[in-house]
Amino acid sequence: MFWPGREAELDGVAALLAEQPEPLAALPRFGALVRRLVDADPVGAAVAPEVPAVFVRDTVEVCRALAEALAEAGGAPAVALGDGARALWSGAKELLRQATYYEMKKRAGVVGEHGLGPVLTDLAGRRPALRVHLVGHSFGARVVSFSLRAVPDGARHVKSLTLLQGAFSHYAFSERLPHDRRRGGALGGLQRRVDGPVVACHSAHDSALRVFYPLASRMAGDSAGLLGFDERWGAVGHGGVQAVPGAPRLSLEAALRGGLPEAGCVSVDAGSVVCRGGAPSGAHSDICHEELARIVVGAGRMGR
């Protein structure tokens, strides 16, 4: 179960979404249930600083902002037009999706750093000739990338890392963030722990990463507020690796024709094949293509 032990909260959320009563009266109750799901209770206890502000602000305000953002993306009726109550409940559904995103994001990083990474390092210690090729899609790309945190400096067992529509920041591997030069990305410089290339396949046709990933990421309590798109919130699976000096950017055709770099980050625009899919995710899961399989093989320098 996604939230074990939270059956009562989930039943309450499901009932409110099914009934959709008068939102100004019911949304505060809905928000309280969602806060319990993500362990963010602003009443009687301090909220951990890493809990996104979207879960602790006024629920009606948040749902209105979410509905307006979805309307801009073509995914919900506008609050100011037509049925305002329906629009607010569309925002409430998005708030629940944000809760699932937040939970999956936390789990993916933890599983990668404290699960997959140590297992691979232990296995490499037992089998020194082991060659590990990591491939991940969406949050799976976050799992395999965060496993690098558990790879010791100087280790050579991870031979390639291929990210297919990765659902994490395009600044993750940067050692200096463009908007805050004092900080780096969550994985700043860790591409050096891969004895081969870190390949980020991306597509502009991925609506999940073009619209919904930034929608979630920009709600982490930043002073810019709930809305206000900018480059800080981009996903690596939408625009490739950013702010890593010397990281080449290739079309899929060029990567297949000329090959990939021997090491370091490289972005491959796979939009020529990762282009099919309907609302709301677009082409996010359109990854079953021979061309992408050839990228994985090329990144691993397999058959050489």
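Residues numbered from 1 in each chain as written. Predicted model: local features only at pLDDT ≥ 70, side-chain atom pairs only at ≥ 80, totals over all residues. Heavy atoms only, no water.

Asks: Tell me about the pattern of salt bridges, and name the residues and values.
Replies: Summed over the entire model, instances satisfying the criterion amount to 13 salt bridges. Measuring nitrogen to oxygen at the nearest pair gives 2.8 Å for the salt bridge that ties Asp39 to Arg6. With a gap of 33 residues between them, Asp39 in the loop between helix H2 (23–37) and helix H3 (59–72) and Arg6 in the segment before helix H1 (7–19) connect regions that are remote in the sequence. Under the relative-accessibility criterion, Asp39 is labelled exposed at 55%. Looking at Arg6, the relative accessible area reads 22%, which means it is partly exposed. Across the salt bridge formed by Asp153 and Arg193, the nearest N and O atoms sit 3.1 Å from each other. Taken together, the positions of Asp153 in the loop between helix H5 (139–146) and strand E2 (158–164) and Arg193 in the loop between E2 and strand E3 (197–202) put the pair 40 residues apart, joining distant regions of the chain. Relative accessible area serves as the criterion here: at 17%, Arg193 is assigned to the buried category. Among the charged side chains, a network of salt bridges with common partners joins Glu103, Lys106 and Arg107. (Salt bridge = Lys/Arg side-chain N within 4 Å of Asp/Glu carboxyl O. Helix = DSSP H or I, 4+ residues; strand = E, 2+ residues; numbered from the N terminus. Buried < 20%, exposed > 50% of the residue type's maximum accessible area, 1.4 Å probe, protein only.)

Asks: Quick rundown of the packing of H2 against helix H4 (residues 84–126)? Include the residues and the values.
Replies: The angle between the axes and the distance between the axes are what describe a pair of packed helices. In the contact formed by H2 and H4, the axes pass within 11 Å of each other and the chain directions differ by 5 degrees. The pairing of H2 with H4 is recorded here as roughly parallel in orientation. Contacts from Pro23, Ala26, Leu27, Phe30, Val34 and Leu37 of H2 reach H4 at Ala85, Leu88, Trp89, Ala92, Leu95, Leu96, Ala99 and Glu103. Here the residues of the contact of H2 with H4 are counted per class, giving 13 nonpolar, no polar and one charged. (Axes fitted to C-alpha atoms, helices over the stretch in contact; angles between N-to-C directions. Parallel < 35°, antiparallel > 145°, perpendicular 65-115°, else oblique. Contact = heavy atoms within 4.5 Å. Nonpolar A, V, L, I, M, F, W, Y, C, P; charged D, E, K, R; others polar.)

Asks: Describe in detail the packing of H1 against H4, supporting the description with residues and values.
Replies: Relative to each other, H1 and H4 sit at 155 degrees, their axes nearing to 10 Å. Classified by the interaxial angle, the pair formed by H1 and H4 is roughly antiparallel. When you trace H1 past H4, the crossing you get is left-handed. Where H1 abuts H4, its residues Val13, Leu16 and Leu17 lie against Trp89, Ala92, Lys93 and Leu96. Here the contact of H1 with H4 is composed, by residue class, of six nonpolar, no polar and one charged. (Left-handed = near helix turned anticlockwise from the far one by under 90°.)

Asks: Residues and numbers for the sheet that holds strand E5 (residues 264–269), please.
Replies: Strand order in this open sheet of five strands is E1-E2-E3-E5-E4, and the pairing throughout is parallel. With partners counted over all chains shown, the strands left at the sheet margins are strand E1 (132–137) and strand E4 (249–251), one partner each. For this sheet, the mean inter-axis angle between neighbouring strands, taken without regard to orientation, is 20 degrees. Here E2 runs beside E3; their pairing, made up of four bridges, is parallel. Bridge pairing in E3 places Leu164 opposite Cys201. Helix H9 (residues 290–299) contacts E1, E2, E3 and E5 of the sheet and is inclined by roughly 155 degrees relative to E2. (Pairing = 2+ DSSP bridges.)

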